[in-house]
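Remarks on the overall topology
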Amino acid sequence: MAKSYASLLLPNSPLPPLSSLSPSRHHLQPRISFPQAQSFFGVGTRTKPISASMAEAQSSVRKEDIIIIGAGIAGLSTALSLHRLGVGSLVVEQAESLRTGGTSLTLFKNGWGALDAMGVGNDLRSQFTEIEGMVIKSEDGSELRSFGFKDEDESQEVRAVERRILLETLANQLPTNSIRFSSKLAKIERSETGETLLELEDGTRLSGKIVIGCDGIRSPVAKWMGFSEPTYAGHCAFRGLGFFPERQPFEPMVNYIYGRGLRGGYVPVSPTKVYWFIVYNSSSPGPKITDPSVLKKQTREMVKNWPSELLNIIDQTPDDTIIRTPLVDRWLWPAISPPASSGRVVLVGDAWHPMTPNLGQGACCALEDSVVLARKLSDALKLGPDAVEDALRSYGIERWPRIFSLTIRAHLVGSFLQWDNPVVCSVRDNVIIPKLVRLGPMLEHTNIEFEPL
């Protein structure tokens, strides 16, 4: 069996371009093509056209070697990590284009290390402000504590990154036509040969030797594998991206403001943009609100008596960048939760381990996952299908202790910060934060390094 798998290293006939099977809206706009990398499966850049008659003669099931479901941070970083190692993949995304809405996310040095391993770290660094430290304030604006990141760890690196630019940077490094848009998953099942059959809502049927689920918090792949729905943490968050056409006036610091059952903060992203958030307690996620003007009004009302700089940033926020989301997570209890892989299907990022944003590690962990998985998978492809399944299991075993502990820590930190009892909040603000909290131990989880792919 290993011998027949290894034979796939030899170049084979190119697959038909996606445009021959689906409308052109399924594709990214043309971008710079990298030299075709010879992967284990012989999958490379899909650029060579074939005739319509040849396409029609092929099976109604399109065969792919590696299919990645979801073109978010996890999906694109996994595709790029594999590409750097000479392994091709097809990314299928349900949206009509990259989902570049939303605001920003904070990346610590472990996230930057993963981006460096993929070869895109410096492209992103040049566009975003490095954050020097953090300031914690009470709701009346008085300072409770401040820290310098370099004072605690000279190698620490913190930047807030626009989600849109991160996704575009990752996507533009992939070969042309690596992403198939308007491809929502409708059905998934395993064939007798061990391959995974995917049916899309438009009727397209795909068969993948390896399927990587990067389809987010409400992952259909995770549900198919037996994972429970993520659990609501009892908090919701407003987020936005303030825009200052001339120049934003803030120091390069993360600013936190703590109230009773309510907290907020802001951090400069670039010379003209500032990311902000408000987290509030709520017994339920509440109805979905899509009108951004309503979201802005609700946010302002919630913090109307807070420091004026936060209100000013909210006022400077374009309506279309404001979102509200419930915070959820999934605790991957040992011997209870399913493993990260089943056969040759595996999960990456939020699809496997959704976590609350209280440590700023959701995106960082997704980037870590992609690098670790790509390296293990690349090595295993040389050996055969049994080695591939072993590699996927090894990925899950290696990543689980880190993911499990970070998910729980993030949840507990959020619960601590969302206290609403006035006596408990007084102890938090006057004793715990000023006298007991140390930044160093809170950042130890960022001490992970990666070799270039």
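Use the structure listed above.
To keep things clear, this report deals only with the structure shown in the data block.

Analysis parameters
Residues numbered from 1 in each chain as written. Predicted model: local features only at pLDDT ≥ 70, side-chain atom pairs only at ≥ 80, totals over all residues. Heavy atoms only, no water. Helix = DSSP H or I, 4+ residues; strand = E, 2+ residues; numbered from the N terminus. Buried < 20%, exposed > 50% of the residue type's maximum accessible area, 1.4 Å probe, protein only. Contact = heavy atoms within 4.5 Å. Areas by Shrake-Rupley, 256 points an atom, 1.4 Å probe, with all protein chains shown as cover. Phe/Tyr/Trp six-rings, centres within 6.5 Å; stacked < 30°, edge-to-face > 60°. Lys NZ or Arg CZ within 6 Å of the ring centre and 35° of its normal. Axes fitted to C-alpha atoms, helices over the stretch in contact; angles between N-to-C directions. Parallel < 35°, antiparallel > 145°, perpendicular 65-115°, else oblique. Left-handed = near helix turned anticlockwise from the far one by under 90°. Nonpolar A, V, L, I, M, F, W, Y, C, P; charged D, E, K, R; others polar. Pairing = 2+ DSSP bridges. Core = buried A, V, L, I, M, F, W, Y, C linked by side-chain atoms within 4.5 Å. Salt bridge = Lys/Arg side-chain N within 4 Å of Asp/Glu carboxyl O.

Below, the discussion takes up the overall build of the chain. When you go through the chain residue by residue, the secondary structure sums to 14 helices and 17 strands. Of all 453 residues assigned to the chain, the portion counted as buried reaches 55%. Across the chain, every contact between residues at least 6 apart in sequence was considered, and the portion connecting residues at least 24 apart equals 77%. Counting every atom, the chain has about 19600 Å² of accessible surface; 53% of that belongs to carbon and sulfur.

To continue, consider the packing of aromatic side chains. Using the criterion set out here, one finds 12 aromatic pairs in the structure. Where phenylalanine 108 meets phenylalanine 149, the ring centres are 6.4 Å apart and the plane angle is 80°; that geometry is what we call edge-to-face. Of this pair, phenylalanine 108 sits in the loop between β3 (104-107) and α4 (109-118) while phenylalanine 149 sits in helix α6 (residues 149-152); the two residues are 41 residues apart in sequence, bridging distant segments of the chain. In this structure, phenylalanine 108 and phenylalanine 149 share a single accessibility class: buried. Ring centres of tryptophan 333 and phenylalanine 404 lie 5.3 Å apart, and the angle between their planes is 70°; this geometry places the pair in the edge-to-face category. Linking tryptophan 333 in the loop between β15 (323-329) and β16 (341-342) with phenylalanine 404 in helix α12 (residues 385-417), this pair joins segments that are 71 residues apart in sequence. Note on phenylalanine 404: relative accessible area 14%, which makes it buried. Here a set of aromatic residues connected by ring pairs shows up, and it is made of Tyr256, Tyr258, Tyr275 and Phe277. For arginine 159, the ring lying beneath its charged end belongs to tryptophan 112, and the centroid distance is 5.6 Å.

Once that is clear, we can look at the packing of helix α3 (residues 73-84) against helix α7 (residues 163-171). When two helices pack together, their arrangement is captured by the angle between the axes and the distance separating the axes. Their axes nearest at 9 Å, the elements α3 and α7 cross at an angle of 25°. As the angle between them shows, α3 and α7 are arranged roughly parallel. As α3 packs across α7, the resulting crossing turns out to be left-handed. Contacts between α3 and α7 involve Ile73, Leu76, Ser77 and Leu80 on the former and, on the latter, Arg163, Leu166, Leu167, Leu170 and Ala171. Of the residues contributing to the contact of α3 with α7, the split by class is 7 nonpolar, 1 polar and 1 charged.

Taken together, 7 strands build an open sheet; the order of strands is β5-β4-β12-β13-β14-β11-β15 and the sheet is mixed. Looking at which strands have only one partner, the edges of the open sheet turn out to be β5 (143-148) and β15. Strand-to-strand twist across the sheet, computed as the mean angle between neighbouring axes with direction ignored, equals 20°. In the sheet, strand β13 (residues 262-270) pairs with strand β14 (residues 273-281) via 8 bridges, with the strands oriented antiparallel. The residue bridging tyrosine 266 from the neighbouring strand is tryptophan 276, located in β14. Relative to β14, helix α10 (residues 308-315) is tilted by about 110°, and along the sheet it contacts β4 (133-138), β11 (231-243), β12 (253-258), β13 and β14. Sheet strands in contact with helix α13 (residues 422-436) are β4, β5 and β12, and its direction is about 20° off that of β5.

Moving on, we come to unusual backbone geometry. Here asparagine 177, not a glycine, exhibits a phi torsion of approximately 65°, which is positive. Position of asparagine 177 among the secondary structure elements: in the loop between α7 and β7 (179-180). For serine 182, which is not glycine, the phi dihedral falls at a positive 50°. You can see serine 182 is positioned in the loop between β7 and β8 (185-190). Judged by relative accessible area, serine 182 falls into the buried class, the value being 14%.

Bringing the packing of α4 against helix α11 (residues 362-380) into the picture now. Look at α4 against α11: their axes get within 8 Å of each other, and the N-to-C directions meet at 35°. Here α4 runs over α11; the crossing is left-handed. Every residue of α11 that contacts α4 at Asn110, Gly111, Ala114, Leu115, Ala117 and Met118 is listed here: Cys364, Leu367, Glu368, Ser370 and Val371. Across the contact of α4 with α11, the residue classes tally to 7 nonpolar, 3 polar and 1 charged.

Formed by 106 residues in total, the largest nonpolar core has its most connected members in Leu76, Leu107, Leu115, Met118, Ile212 and Leu377. It is α12 that provides the largest number of residues to this core, a total of 12 residues. Judged by nonpolar contacts, the second largest core, of 19 residues, contains Phe238, Ile257, Trp306 and Leu310.

Attention now moves to the environment of proline 338. As for its placement among the helices and strands, proline 338 is situated in the loop between β15 and β16. Residues within four places of proline 338 in sequence aside, it is in contact with Met225, Gly226 and Phe227.

Summed over the entire model, instances satisfying the criterion amount to 27 salt bridges. A salt bridge links arginine 99 to glutamate 93; the nearest nitrogen and oxygen atoms lie 3.1 Å apart. The exposure class assigned to arginine 99 is partly exposed, which follows from its relative accessible area of 46%. Put simply, Asp116, Arg125, Glu130, Lys150, Glu157 and Arg159 are held in one network by salt bridges that share partners.

Next up on the list: the side chain of lysine 209. By secondary structure assignment, the location of lysine 209 is in strand β10 (residues 205-213). Taking the relative accessible area as the measure of exposure, lysine 209 reaches 17% and is therefore buried.

Before going further, it helps to examine the environment of valine 294. With respect to the helices and strands, the residue valine 294 is situated in helix α9 (residues 292-302). Each C-alpha atom of the pair valine 294 and aspartate 319 lies 9.2 Å from the other, and the pair is 25 residues apart in sequence.

A separate point is the pairing of strand β9 (residues 196-200). Side chains of β9 alternate between two faces, with Thr196, Leu198 and Leu200 buried and Leu197 and Glu199 left unburied. The pairing of β8 with β9 spans 5 bridges and is antiparallel. Residue pairing in the sheet places glutamate 189 in a bridge with leucine 197 of β9. Where β8 folds back onto β9 in an antiparallel hairpin, the turn is made up of 5 residues, including glycine 194, whose phi is positive at roughly 95°.

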